[in-house]
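A structural walkthrough
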Amino acid sequence: MQIVGLSDKILNGDRRALARAITLVESSRADHRAQAESLLQDLHGAGRQAMRIGLSGTPGVGKSTFIEAFGMMLIERGLRVAVLAVDPSSARSGGSILGDKTRMDLLSREKNAFIRPSPSQTHLGGVARHTREAVALCEAAGYDVVLIETVGVGQSETVVAQMSDLFLLLLAPAGGDELQGVKRGIMEMADLILVNKADGDLKPAATRTCADYAGALRLLRKRSQDPPDFPKAMMVSAAEGTGLSEAWDEIEKLADWRLTQGVWANIRAAQARMWFEDEVRQALLKRLQTPQVRDELSNFGDRVADGQLTSTAAARALLSCLPDL
Ligand code: GDP
C-alpha cells in the first residue's frame, strides 16, 4: 500500500485517505502493521480530539435510524461526524450485519460524514484494537464527533465504553418486565439512556419504559464526578426526529461539566493506560502461540494431569523458560 503522504492527507480531512488508513490498521500483515503504527504515532502528535460517543442497543431497537437522524442533525449544526461499528457477530459469521445492510442512506451521502462498517475479525481483541485505532484516525482527520456503534450482546459494550467519552444506550418501549432484559453492567455504563420509538401508538409504552429506567438509574450507584442528575433516561423518536436535539444538549452539558472538572482528561488518561496494558497482555499471549510453547504447555499439562506437579509450580516452571522458547 502506498502510504507516502497519507498522514498529510488525513490531517487535511481527505476521506479516501482516511478509509485507506483504516484498511491499513485492519491488516494483519507485519509490514502493514509497522506502517500503521508509524502513521498513528505521526498523527498522535497533531493532538486533535473528537467527542467519542459509544452507542449500544439490541438489533431492531433503531440504531441505524437513530444514527442517521442524529448524525444529520449534528451536520446541520456544522459538525463533522464519523460512524464506526463494532459488530461481534461478524466474528462469528464472517459477514458483518452492520456493514451489509443498506444503512444511513442520507448520512452516507454527506461530505461531512464518514461511515465505516465493522472490521471482520476473528476475535474481539482484534476488533477492539482496530476500532480504537480507527477512532484515532478519525480524530486526526478532524471529525468533531465519532460515534462508535455496537450491537447489544454483552462483551462488546465494555470494549466500546472503554474507548468512548460518553456512552449511550438505546432501548425500545416494552411492557412490564423489560428491565430484566438489560444487564445491570450495561446500565451502569450508560451516561444517557434513550428510549427510542416514542411516537404514535408506542408513545405511552415509551413513557412508562422511560420512567422505569429513570427509576432504575436512581438506584444505581452515582458517579461522584458527574452532575447529580446523571446518568439520565429520556425519550426520542429517531423516525420523527424528536428528542434528538434535547439528547445532544444533555450530551454537551455532561461533556462541558467533565471538561471543566478535569474528569474528561482523567477518563482519557485511564483509558490510554488501560489500552497500553491490554497491548502488553495481547503481545505476551501472542508469544505463547509458538509451536515450542504449545509443546511445553502440553508437556507440563500432562504432568499436572498426572499429579506430578501442582498447577502453580508447572506454570511457574513454564514461564521461567519462556524467554528461551
Ligand atoms: P437497528 O437494528 O438497531 O439498527 O434498528 P433499525 O434502525 O434498523 O430499526 C429497526 C426498525 O425500527 C425499523 O423498522 C425502523 O423503521 C424502526 N424504527 C427505528 N426508529 C424508530 C422510531 O423512532 N419510531 C418507530 N416507530 N420506529 C422506528
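This report concerns the structure included in the present document. Chains are numbered independently. Their residues run from 1 in the order of the written sequence. In view of the model being predicted, local features appear only for residues whose pLDDT reaches at least 70, and side-chain atom pairs are presented and counted only at 80 or more, with totals across whole chains, interfaces and linings using the full set of residues. Excluded from the side-chain calculations are hydrogens and water; all other atoms, namely the structure's heavy atoms, are used.

**With respect to the nonpolar core**
Side-chain atoms within 4.5 Å are what join buried Ala, Val, Leu, Ile, Met, Phe, Trp, Tyr and Cys residues into a set we call a nonpolar core. Between buried and exposed lies partly exposed: a residue is buried under 20% and exposed over 50% of the maximum accessible area for its type, with that area taken using a 1.4 Å probe on protein chains only. Of all hydrophobic cores here, the largest spans 36 residues; its most connected members are Phe66, Phe70, Leu194, Trp248 and Ile251. At the level of elements, β1 (51–57), α4 (63–76), β2 (81–86), β4 (145–151), β5 (166–171), β6 (192–195) and α12 (244–261) are the ones that each hand at least two residues to this core. Numbering of helices and strands runs from the N terminus, with a helix taken as a DSSP run of H or I at least four residues long and a strand as a DSSP run of E at least two residues long. For this core, the element with the highest residue contribution is α4, accounting for eight residues. Here, residues are in contact when the closest pair of their heavy atoms is within 4.5 Å. Sequence-distant contacts of tryptophan 248, defined by excluding residues within four places in its chain, comprise Met51, Ile53, Phe70, Met73, Leu74, Arg77, Leu79 and Val145. Counting residues in each nonpolar core, the second largest holds 34 residues, with Leu18, Val86, Val146 and Phe167 among its members.

**Some words on the site of the ligand**
Residues are labelled near a given molecule or strand when at least one of their non-hydrogen atoms is within 4 Å of it. As a structural note, the neighbourhood of the ligand is formed by 15 residues, with Gly60, Lys63, Ser64, Thr65 and Asp199 the closest of them. Contacts described as polar in this section are N or O atom pairs within 3.5 Å, which, within protein, must combine one atom able to donate a hydrogen with one able to accept it, while residues neighboring in sequence count only if both atoms come from side chains. One of the side-chain N or O atoms of serine 64 is found 2.6 Å from an oxygen atom in the ligand. Residue aspartate 199 places a side-chain N or O atom 2.6 Å away from a nitrogen atom belonging to the ligand. Per-residue accessibility takes into account occlusion by the displayed protein chains alone, with areas from the Shrake-Rupley method and a 1.4 Å probe. Computed on the free molecule, the ligand has an accessible area of 580 Å², of which 69% lies beneath the protein chains in the complex.

**Considerations on α4**
One less than the number of residues in a helix, times 1.5 Å, gives the span that helix is expected to have. With 14 residues, α4 should reach 20 Å at 1.5 Å per residue; the first-to-last C-alpha distance of 20 Å fits that figure. Regarding α4, the residues found buried are Lys63, Ser64, Phe66, Ile67, Glu68, Ala69, Phe70, Gly71, Met72, Met73, Leu74 and Ile75. Looking at the residues trailing α4, positive phi occurs at glycine 78, about 90°.

**Looking at a negative patch on the surface**
The patches described consist of residues with a relative accessible area above 30% and no salt bridge, like charges being joined within 9 Å and nonpolar side chains (Val, Leu, Ile, Met, Phe, Trp, Tyr) within 5 Å. Basic side-chain nitrogens of Lys or Arg form a salt bridge, by our definition, when they fall within 4 Å of a carboxyl oxygen of Asp or Glu. As used throughout, the charge tally considers Lys and Arg to be positive and Asp and Glu to be negative, leaving His and the chain termini uncounted. One atom stands in for each charge, and that atom is NZ of Lys, CZ of Arg, CG of Asp or CD of Glu. Together, Glu246, Asp249, Glu252 and Asp256 make up a region of like negative charge exposed at the surface. By relative accessible area, which is 47% here, aspartate 256 ends up partly exposed.

**Here we look at the environment of asparagine 196**
Within the secondary structure, asparagine 196 sits in the loop between β6 and α11 (203–219). Considered as a pair, asparagine 196 and leucine 169 are 27 residues apart in the sequence and their alpha carbons are 9.9 Å apart. Setting aside its immediate chain neighbours within four residues, asparagine 196 contacts Val61, Gly62, Leu170, Leu171, Ala172, Pro173, Val236, Ser237 and Ala238.

**Section: the packing of α4 against α12**
A fitted line through C-alpha atoms serves as each axis, taken over the contacting stretch for helices, and the angle formed by two N-to-C directions is quoted from 0 to 180°. At a minimum axis separation of 10 Å, α4 and α12 run at an interaxial angle of 70°. Accordingly, the angle class assigned to the pair α4 and α12 is roughly perpendicular. Residues Phe66, Ala69, Phe70, Met73 and Leu74 of α4 lie in contact with α12, whose contacting residues are Leu244, Ser245, Trp248 and Ile251. Orientation labels follow simple angle bins: below 35 degrees gives roughly parallel, above 145 gives roughly antiparallel, 65 to 115 gives roughly perpendicular, and whatever is left gives oblique.

**As for the sheet that holds strand β3 (residues 113–116)**
Strands pair in a sheet through their backbones, by hydrogen bonds, and they do so in one of two ways: parallel or antiparallel. Whether two strands pair depends on DSSP finding at least two bridges between them. The strand order across the open sheet built from seven strands is β3-β2-β4-β1-β5-β6-β7, with neighbouring strands paired in parallel fashion. Because the sheet does not close on itself, it has two edges, and the strands there are β3 and β7 (232–235). Strand-to-strand, the axes of this sheet are offset by a mean angle of 20°, without reference to chain direction. Of the pairings in the sheet, the one linking β1 to β5 comprises four bridges and is parallel in character. Within the sheet, the bridge partner assigned to serine 56 lies in β5 and is leucine 169. Along the sheet, α11 makes contact with β5, β6 and β7, crossing β7 at roughly 175°.

**Quick word on the pairing of β7**
Of the strand pairs in this sheet, β6 and β7 are connected by four bridges, and their pairing is parallel. Following the sheet pairing, leucine 194 is matched in β7 by methionine 234. Here, the term right-handed applies to a crossover whose path from the first strand over the helix to the second runs clockwise when the strands point away from the viewer. For the segment spanning β6, α11 and β7, crossover handedness is right-handed.

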